[in-house]
Amino acid sequence: MMLWGALVCMGCGNTPTDVLKGRTITAGEHTQVQTLYGPIEGYLDGSIYTFKGIQYAKAERFMPPQYPDKFTELKQCKLYGPQAPQSESLRWTGNTQTDYAFGNQFVLEPMDEKECLVLNVWTPGINDGKKRPVFLWIHGGGYATGSGHDLPCYEGYALAEKGDIVVVNINHRLNILGFLDLTALGGAYAESVNLGMQDIVKSLEWVRDNISRFGGNPDEVTIGGQSGGGGKVGTLMCMPAAKGLFHKAIIMSGTILNVNTREMTQQLGKAVLDELGIAPADIDHIKDVPYQELYDAGQRAMAKSIGVRRPGTPMMWGFGPTPDGETLLQQPFQPGFAEISSDIPLIIGTTFNELQRLTYKRPMTQEEARAELQKTFGTDTDAYMKAFGKAYPNHTPQDLLSIDWLFRPKTLITADAIGGKRKAPTYTYMFTWRSPVTLGSVHGNELNFCFNTLSLAKRELPEITAKDQRLSFLMARSWAQFAHTGNPNVKGLPQWHPYTAENGEIMFFDHTCYTRSNHDRRLQEIINRHCFKQLDEFRQKQMEK
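Described in the following lines is the structure provided in the data block. Keep in mind that this is a model prediction, so the values were computed, not measured.

## A word on the overall build of the protein chain
Regarding its fold elements, the protein chain presents 15 helices and 18 strands. The C-alpha radius of gyration computed for the protein chain amounts to 23 Å, which stays within 12% of the reference 24 Å derived for 545 residues, consistent with globular compactness. Considered along the principal axes of its C-alpha atoms, the protein chain spans approximately 75 × 65 × 45 Å. The 545 residues of the protein chain split such that 59% are buried. Here the contacts in the protein chain between residues at least 6 apart in sequence split such that 74% fall between residues at least 24 apart. Here the protein chain displays about 21800 Å² of accessible surface, and carbon together with sulfur accounts for 51% of that area.

Here is the structure:
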């Protein structure tokens, strides 16, 4: 088989056709859409129209994004577009990716600073007059790495097909290119803050202006993300420019506590210029610095100014969003969101193990677990074990050490702060399905289930069972139902009520799905007290200033 790019270059006048997994792949006039900016051609993959690498904005370095230029010549949008530049040492480590529509493997897409503001669309119909809900997915990788196609589970085909929704995912500027704060210098750089988030807002504006041509409803947009993508969803809920551009939100394992302040990021911006030897009067020279040199200078500047974040630290700072009172009103999750998003229905949840080191493959007694726990919980170890037993009566000694200590505590605090106190409902969940390979339910395991892409989860799930398929069907259907109505309840799930601090209701997604109320409140209080001391120290210092 050949890539679409090869077919196009050959000037093939016939409609190319291929069959993969029982799906017929075709292209031609019937897959063309006249966007607001110009005509594009995608391809029909089975029953789903697919468009990749659509430019939604343009931007100069350290400048806010602008609408893309208009064009008249037909653009081919059949392969993923470039990624935002990012550190090679942190980037996805595979050598190839697969264009799953064709079964081809190709070199990981290039990183391109000027061409990375692109998005992908999967839709059941184009130019058909229908108004389907839109699900815009924001990739993970913190604010430093990733792309809308760096994980196979981001493929939107199955969710679009099964949920009768339009799925969109995006690329945007990252790390120092997306979050260097030069506002202290004023002038042309007065708006150079939160640029990566401003990019995402621009993608939502593209959806508002164009998605009806792809069979979507711009008045029914759900934003979703996992890990850093979930953090970005929470950030959008605090951005005035994003208000009205989305109407529902899903935050998966994304309760990332960003402690950036305006003072911190402006200090970091000045430190970057110092590292590069650029005087404020010569600030425009920063546009000519090669990316890797710029990135390295940013890391050195962080070490010399506000400090470098250690992996596993329960909070983030540096090249990420900063509240400036205009583009971003506040940091999310601390403990809630800005009032402007009070009318946004929300699903928020975590996995059982997340990023915790797993101990399931080594024998362990209760007393051996206790000895390990004392290193973290000290005199509260017995209280921790007692609370754990109440929350999870059938736990193993390995569970005591392997449960998430990072996302769930702050997710519970956030849910308590907003549940029943906003105009719109909040629904909470925990994903507890366990991989037969790792024996755990780790960070990102739920993605293949909610996107209904289990066939792409070979590493965690070599053989798919009927129970796995049923769970995937339920999760994908629930997520799609939420996009349609703002309510995730579907046939096959127990009744899922909106969360309040009083009812503490949480849906457990596993081979058997069930709900519980306030099952782990005492346990999370202990975890929060012992595992977030660094955050407490930071906040104390801020209060003393």
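## Concerning the sheet that holds strand β3 (residues 32-34)
Strand order across the open sheet formed by three strands is β3-β4-β7, with mixed pairing between neighbours. A strand with exactly one partner marks an edge of an open sheet, and here the two such strands are β3 and β7 (75-76). As paired strands, strand β4 (residues 39-41) and β7 are joined by two bridges and run parallel to one another. Each bridged residue has a counterpart across the sheet, and for Glu 41 the counterpart in β7 is Gln 76.

## Some words on the packing of aromatic side chains
Think of a pair of aromatic rings as described by two things: how far the centres are apart, and how the planes are tilted against each other in angle. Summed over the entire model, instances satisfying the criterion amount to 24 aromatic pairs. For the ring pair Phe 51 and Phe 214, a centre distance of 5.1 Å and an interplane angle of 90° mean the geometry is edge-to-face. Of the two residues, Phe 51 is situated in strand β6 (residues 48-55) and Phe 214 in the loop between α4 (195-210) and β13 (216-226); the sequence distance between them amounts to 163 residues. You'll find Phe 51 and Phe 214 in the same group, each marked buried. Ring pairing ties together the aromatic residues Phe 352, Phe 377, Tyr 384, Phe 388, Tyr 392 and Trp 405, which thus form one cluster. We note Lys 52 situated over the ring of Tyr 80; from NZ or CZ to the ring centre the distance is 4.4 Å. Cation over ring: Lys 75 sits above Phe 71, and NZ or CZ is 4.3 Å from the ring centre.

Parameters and conventions
Residues numbered from 1 in each chain as written. Predicted model: local features only at pLDDT ≥ 70, side-chain atom pairs only at ≥ 80, totals over all residues. Heavy atoms only, no water. Helix = DSSP H or I, 4+ residues; strand = E, 2+ residues; numbered from the N terminus. Rg over C-alpha atoms; globule rule 2.2 N^0.38 Å. Buried < 20%, exposed > 50% of the residue type's maximum accessible area, 1.4 Å probe, protein only. Contact = heavy atoms within 4.5 Å. Areas by Shrake-Rupley, 256 points an atom, 1.4 Å probe, with all protein chains shown as cover. Pairing = 2+ DSSP bridges. Phe/Tyr/Trp six-rings, centres within 6.5 Å; stacked < 30°, edge-to-face > 60°. Lys NZ or Arg CZ within 6 Å of the ring centre and 35° of its normal.

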